[in-house]
Amino acid sequence: MKKSINIGRIGRLIKKDLSENLRKIVVIVSTMIITTIAVWLLTVILKGDSATGASERLNFISTLTSVSLFITPFILYGFINHKLHGVNYSMLPATVLEKLISMLIVGSVIVPLVIYCGAMITDTILALVTPSVYKGYTFATSENIFNTSSSFVKVAGTFTLITSTAIYGNLLFRKNKMLMTILSVIGINMLLMVVLIILIKSGLDLSEWAKNYTVNNGGQVVITMGKSSGFFVDVNRTVNIIFFILIPSALYTASYFRLKRIRF
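Owing to the predicted nature of the structure, the values given are computational and were not obtained by experimental measurement.

Rules and cut-offs
- Residues numbered from 1 in each chain as written.
- Predicted model: local features only at pLDDT ≥ 70, side-chain atom pairs only at ≥ 80, totals over all residues.
- Heavy atoms only, no water.
- Salt bridge = Lys/Arg side-chain N within 4 Å of Asp/Glu carboxyl O.
- Helix = DSSP H or I, 4+ residues; strand = E, 2+ residues; numbered from the N terminus.
- Polar contact = N/O pair within 3.5 Å; in protein donor to acceptor, adjacent residues only side chain to side chain.
- Expected span 1.5 Å × (residues − 1).
- Bend = angle between axes of the 7 residues up to and from the residue.
- Axes fitted to C-alpha atoms, helices over the stretch in contact; angles between N-to-C directions.
- Parallel < 35°, antiparallel > 145°, perpendicular 65-115°, else oblique.
- Left-handed = near helix turned anticlockwise from the far one by under 90°.
- Contact = heavy atoms within 4.5 Å.
- Core = buried A, V, L, I, M, F, W, Y, C linked by side-chain atoms within 4.5 Å.
- Buried < 20%, exposed > 50% of the residue type's maximum accessible area, 1.4 Å probe, protein only.
- Phe/Tyr/Trp six-rings, centres within 6.5 Å; stacked < 30°, edge-to-face > 60°.
- pLDDT = per-residue confidence, 0-100.

Section: the pattern of salt bridges
According to the stated counting rule, one finds 3 salt bridges in the structure shown. In this structure, Glu 20 and Lys 16 form a salt bridge, with 2.9 Å as the shortest nitrogen-oxygen distance. Placement of both Glu 20 and Lys 16 in helix α1 (residues 7-20) is noted, with a separation of 4 residues, approximately one turn of the helix.

See the structure below:
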């Protein structure tokens, strides 16, 4: 290839990926929307006239979208490093970077966005039909990613971490991809917990930091930093940068080189 990135080639690759995976995409989207309806039905049966707030329902929709972000790369591109089925994909007239971009756009933007909007529309219809059960509208809440830039940045950071992990796991492992990725994430988290425990036993005092965190009625963690908590603000900002920028960037870079070096 003469160019690493060609918009026309990326567009054709995206079109190809969407057309060839249309049935799988429909199944993923339908499953998520049916799950939304099933939860509503359970709410009608179990809660009766007890209303569920829009913020609580939006958290559920965000969770559904997070799940779809994780599973989509495995479902649509699980064959990519298969010794037999991956050969045809490797021979496509597109660069490695273009293939990775197509994967990101299809699996990390288009499919999750369709699921998010589809679940929001479904929730709105259900709220109109049963206002006594579903109180308020999810599209009108401040936590909706389309309403405030802060919500969008927070959600985008989380979604980026999930996506980068799933894409790299799909390219790294050849068998039991999803299971191996989940186990790897659990293992890393356990290692981080061990490190944290060692730091605490070494004298690290987190009591002051814990005072700055409260849980609201919706179950969300709220940071209430005081004037004397500048250090903890910096720590929190640093953690966000590491998990939502540095780690995803490293995983995307690793995915590029992994895709480039796959041999059949």
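That was the structure; now back to the text.
Remarks on the environment of Asn 81
Looking at the element boundaries, Asn 81 is found in the loop between α3 (54-77) and α4 (86-90). A C-alpha to C-alpha distance of 8.4 Å links Asn 81 and Asn 170, two positions 89 residues apart in sequence. A polar side-chain atom of Asn 81 sits 2.5 Å from a polar atom in the side chain of Lys 177.

Observations concerning helix α5 (residues 96-129)
With 34 residues, α5 ought to run about 50 Å at 1.5 Å a step, and its terminal C-alpha atoms sit 48 Å apart, in line with that. At Val 106, α5 shows its strongest bend, of approximately 25 degrees.

Remarks on the packing of helix α2 (residues 22-47) against α3
When two helices pack together, their arrangement is captured by the angle between the axes and the distance separating the axes. In contact at an axis separation of 11 Å, α2 and α3 are set at 150 degrees when each is read in the N-to-C sense. In this view, α2 runs roughly antiparallel relative to α3, as classed from their interaxial angle. Of the two possible hands of crossing, α2 and α3 adopt the one that is right-handed. Contact with α2, carried on its side by Lys 24, Ile 25, Ile 28, Met 32, Thr 35, Thr 36, Val 39 and Lys 47, involves Glu 56, Phe 60, Leu 64, Val 67, Ser 68, Ile 71, Thr 72, Ile 75 and Leu 76 of α3 and no other residues of that element.

Examining the nonpolar core
Where a protein is soluble and globular, its nonpolar side chains tend to be buried together. Ranked by internal contacts, the top residues of the largest apolar core, which has 37 residues, are Val 111 and Leu 259. With 9 residues, the top contributor of residues to this core is α3. Residues contacting Val 111, with those up to four places away along its chain left out, are Ile 25, Ile 28, Thr 72, Leu 76 and Val 106. Membership of the second largest hydrophobic core comes to 5 residues, among which are Trp 40, Leu 126, Ala 127 and Tyr 134.

Things to note about unusual backbone geometry
Unlike most non-glycine residues, Asn 176 shows phi in positive territory, near 50 degrees. Relative to the helices and strands, Asn 176 resides in the loop between α6 (149-172) and α7 (177-201).

Overview of the packing of aromatic side chains
Tallied over the full model, the rule gives 4 aromatic pairs. Consider the rings of Tyr 137 and Phe 139, whose centres lie 5.5 Å apart with planes at 25 degrees: the pair is stacked. Take Tyr 137: its relative accessible area is 32%, and that puts it in the partly exposed class. A relative accessible area of 42% places Phe 139 in the partly exposed class.

Thoughts on α3
Along its 24 residues, α3 runs 34 Å from first to last C-alpha, staying within 8% of the 34 Å computed at 1.5 Å per residue. The principal kink in α3, of about 35 degrees, is found at Ile 71, preceding the proline Pro 73 by one to four residues. Within α3, 17 of the 24 residues are buried, which leaves it mostly tucked inside the rest of the structure.

Topic: the confidence of the model for the protein chain
Detailed reading of predicted coordinates is not advised where the pLDDT is low. The predicted model of the protein chain has a mean per-residue pLDDT of 83, with 82% of residues at 70 or higher. Residue range residues 215-228 is modelled with pLDDT below 50. Its contacts to residues more than four positions away, or to other chains, number 24 contacts.

Digging into the environment of Ile 182
Among the structural elements, Ile 182 can be located in helix α7. Given the relative accessible area of 36%, Ile 182 is considered partly exposed. For the pair Ile 182 and Ala 166, spaced 16 residues apart in sequence, the C-alpha to C-alpha distance is 9.0 Å.

Details of the environment of Ile 61
Note that Ile 61 resides in helix α3. The sequence separation of Ile 61 and Asp 123 amounts to 62 residues, and the corresponding C-alpha distance is 9.0 Å. With sequence-adjacent residues up to four places away left out, Ile 61 is seen in contact with Tyr 116, Ala 119, Met 120, Asp 123 and Thr 138.

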